[in-house]
Amino acid sequence: MNINALEPAPASRQNNHNPVLATVLSIVPGLGQLYNRRWIKGIVFLVIGLSLIAALSVPIANSIAGMITLGDNPETDDSRNLLVQGLLSSIIGIILLGLYVLNLLDARKDAKKRQEGTRTPSVRQAFQDSWEHGFPYFVVVPNFIMMALIVIFPLLFMISLAFTNYNLYNSPPAHLLNWVGFANFKSLFTEAVWSKSLITVLSWTVVWTLVATTLQIVLAFFLAVLVNDSRVKFKRLIRTVLILPWAVPSFMTVLVFTAMFNDTFGAINRDIFSHFGVTIPWLSDPTWARIAIISIQVWLGFPYVFTLITGVLQGISKDWYEAADVDGGSRWKKFRFITMPHVLFATAPLLIMQYSYNFNNFNIIYLFNKGGPPVPGQSSGATDILISWVYSLTFKENNYKMAAAVSIIMGIVVAAFALYQFRKTRSFREEDMY
Amino acid sequence: MKRSLKSALEVSGIYLIVLIMFVLILYPLLWAFSMSLNPGTSLFSLKMFPDNWSLEHYKWLFTDPSSNYTLWYKNTLIVAFINGLASVCIVSIVAYVFSRFRFIGRKNSIYTFLLLQMFPVLMGMVAIYLLLNTVNLLDTFTGLILIYVFGGLPMNLFLVKGYLDTIPRDLDESAKIDGAGYLTIFFRILIPLASPIIAVVALFTFMAPFFDFLTPQIIIRSPEKFTLALGLYNFINDKFANNFTMFAAGTILIAIPISIVFLLLQRFLISGLADGATKG
């Protein structure tokens, strides 16, 4: 073992090795590293860098050009593929650009070290170092690339579609797509069919999210407090039954409910309301359909909140209530000033997540009635929320451009909510705890 | 005397409310069960208590040559198992890195993941379809599993990262001083401690393919590759064969094992979820 290596570098080793020059040289990847006398690293960078540039720069430039024109010859060009290739190339381009910048920074860093007189590490040492410092990148980068393909790229594609004229009547491969700017948004806001649909869907989405989720929470809170009463027996049995709607897959229960709510032969009309001589049009009347779907969601959703709140209630110390008894506090006051704050403090993040879950709760809307019943003069059904409307525009009507425009509006709502969440989430406030 | 009377009244009031809830909860469930025992396929003649019980639908699912039920069950198990395994491996190592390392772009990546977690995968389905088409993964389990694993990654990542953040750093720091490498720390120290939340992620990702009819509907074309949810959904979605009774029989066979697992594990699930969300 070389003992000298452990000693601090003597001042005489300071030299006029120039970091700026190293950085400038590595505009051609690898040259800067060679200047730093990191031979192997330099050659590897040079070979990989030059071959990547040689192999990819022309295809990337071509596909981006293709994305801009979206094709000129309907016989040979498929605008969708051009768009896909263009977006993927842009993503790859951005990643390569990032690597390129890392190459510049690396040359600069090594040159600085050299200038201060640190010895060039051996190859083995270098590998060890890159494992030590590179470990997070080795893990995150591949996963991030997959995420970019499967999650980010589709969102970008959807955003792009909103600015094209892609619908059932103008669809590749028979036709070419064109960029149309904000025309789709203009018709969304000005044409009666679209603006009416947008306003009803948007307002119903908000009502649905707020009412269904709040009822869920209120019912769950109420039942949790009741069952938690010390005089109630068979607590275990009661809690197990109350949790059943959560345990049974909702895929099944929603469809069973659809059968039960059927206007003509459903069990609810036949077994219950027929005794009163009325038939309620659960599936065909907008208002009744909305009432039905909110009730179903409350049925499905309260057990989760119930379990959460029960857990918190069991953890509240008895001392609080005993102290309140001494002071002669009424039952309402005990609930208001002891139970409520405890429960809300402990469950608030999860309750907020329930709201965002229902905002995107596609399954129940689609399974119950496919967003129906249809409303005359509107593109959307009466129980359609934004996400289910996007779905039927896309897969039922193949009106991709409008679906994309609506999902951008939805994305803005989601992003606004997300920003609000960022500020609240504790993992961010405590981010720099370590 | 007066006081105990009041108390008795209150308690019976509570029991009454609980009883009403029992009826509301059990009525649809019993109805689903009896639906599967009704002979024939017509909804018109369905009865809560059919005149002649019959197991014909269950028998049909397993024995009829035109029934693909066992095949769908097998497909779903394959997809569910690989999805669960792959998700747990990927999610836990990425969560470990985000929880324990400080590196360039970390904070921005977390923001990106948090934002992405809020967008439903459904929004990008058209592009996913075209993408899988380009790489020839349409109508394959690989394509389906890829969508499940990475579509669910942002959400699951936060569950696990939140949980790992609650485990004191001193533990891995002292292991490091004793000469343990990153992977040793990860497998020997953090994985065992984080097992509750990892179990939650495993269970959720394993169960998801059983009930998701939407993603397979878009990706899978050939009937011999259907998953259970898609196949069963087609029983009632088909315009010409609206077959609710068969659907009920088929879903009850999935619902019973899953409900039992769920009821047994619910306490565990809740504490895993709540710890990650509130402390994270």
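Residues numbered from 1 in each chain as written. Chains lettered and ligands numbered in written order. Predicted model: local features only at pLDDT ≥ 70, side-chain atom pairs only at ≥ 80, totals over all residues.

Trainee: Looking at this model, I keep getting lost on the interface of chain B and chain A. Mind explaining?
Mentor: Accessible area lost upon the coming together of the parts is a frequently used measure of interface size. Across the boundary between the two partners, chain B contributes 66 residues, which contact 70 residues of chain A. Every element with two or more residues in the side of chain B that touches chain A is listed here: α1 (2–37), α3 (69–100), α4 (106–118), α5 (125–134), α6 (141–165), α11 (228–237) and α12 (244–279) of chain B. No other element matches α12(B), which puts 15 residues into the side of chain B that touches chain A. For the side of chain B that touches chain A, the per-class residue count stands at 53 nonpolar, 11 polar and 2 charged. (Contact = placed C-beta atoms within 7 Å. Helix = DSSP H or I, 4+ residues; strand = E, 2+ residues; numbered from the N terminus. Nonpolar A, V, L, I, M, F, W, Y, C, P; charged D, E, K, R; others polar.)

Trainee: Would you mind going over the packing of helix α11 (residues 286–315) of chain A against helix α13 (residues 331–359) of chain A with me for this structure?
Mentor: Any two packed helices are characterised by the angle at which their axes cross and by the distance between the axes. All names here are of chain A. Two elements in contact, α11 and α13, have axes whose closest approach is 10 Å; the angle formed by their N-to-C orientations is 160°. Of the possible angle classes, the one that applies to α11 and α13 is roughly antiparallel. When you trace α11 past α13, the crossing you get is right-handed. Each of Gln297, Val305, Leu308, Ile309, Val312 and Leu313 in α11 lies in contact with α13, whose residues at this interface are His342, Val343, Ala346, Thr347, Leu350, Gln354 and Asn358. Taken together, the residues that form the contact of α11 with α13 break down as 8 nonpolar, 5 polar and no charged. (Axes fitted to C-alpha atoms, helices over the stretch in contact; angles between N-to-C directions. Parallel < 35°, antiparallel > 145°, perpendicular 65-115°, else oblique. Left-handed = near helix turned anticlockwise from the far one by under 90°.)

Trainee: Is there a simple way to explain the domain arrangement of chain A in this structure?
Mentor: By the assigned domains, chain A splits into domain 1 (3–161) and domain 2 (186–433). Between the C-alpha centres of domain 1 of chain A and domain 2 of chain A there is a distance of 47 Å. (Domains from an automatic or database assignment.)

Trainee: Whenever I open this one, the environment of A:Met260 confuses me. Can you help?
Mentor: Structurally, A:Met260 can be placed in helix α9 (residues 250–260). Classification of A:Met260 as buried rests on a count of 25 C-beta atoms within 10 Å. Separated by 10 residues in sequence, A:Met260 and A:Arg270 place their C-alpha atoms 9.1 Å apart. Once residues lying within four places of it in the same chain are set aside, the contact partners of A:Met260 are A:Gly266, A:Ala267, A:Ile268, B:Pro28 and B:Trp31. (Buried ≥ 20, exposed ≤ 12 C-beta atoms within 10 Å, placed from the backbone.)

Trainee: Whenever I open this one, the confidence of the model for chain B confuses me. Can you help?
Mentor: Detailed reading of the predicted model is not advised wherever pLDDT is low. Residue and element names in this part refer to chain B. Confidence along chain B averages 85 in pLDDT terms, with 91% of residues attaining 70 or more. For chain B, α12 is the element with the lowest average pLDDT, namely 77, and α3 is the one with the highest, namely 93. Overall fold confidence (pTM) sits at 0.83, and the ipTM for the predicted complex is 0.83. (pLDDT = per-residue confidence, 0-100.)

Trainee: I tried to follow the domain arrangement of chain B on my own but got confused; where do I start?
Mentor: All names here are of chain B. Annotation of chain B at the domain level lists domain 1 (2–59) and domain 2 (68–279). If you look at the interface, domain 1 gives 10 residues, while domain 2 gives 7 residues. Contributions of two or more residues to the side of domain 1 that touches domain 2 are made by α1 and α2 (56–63). Looking at the side of domain 1 that touches domain 2, the element that brings in the most residues is α1, giving 4 residues.

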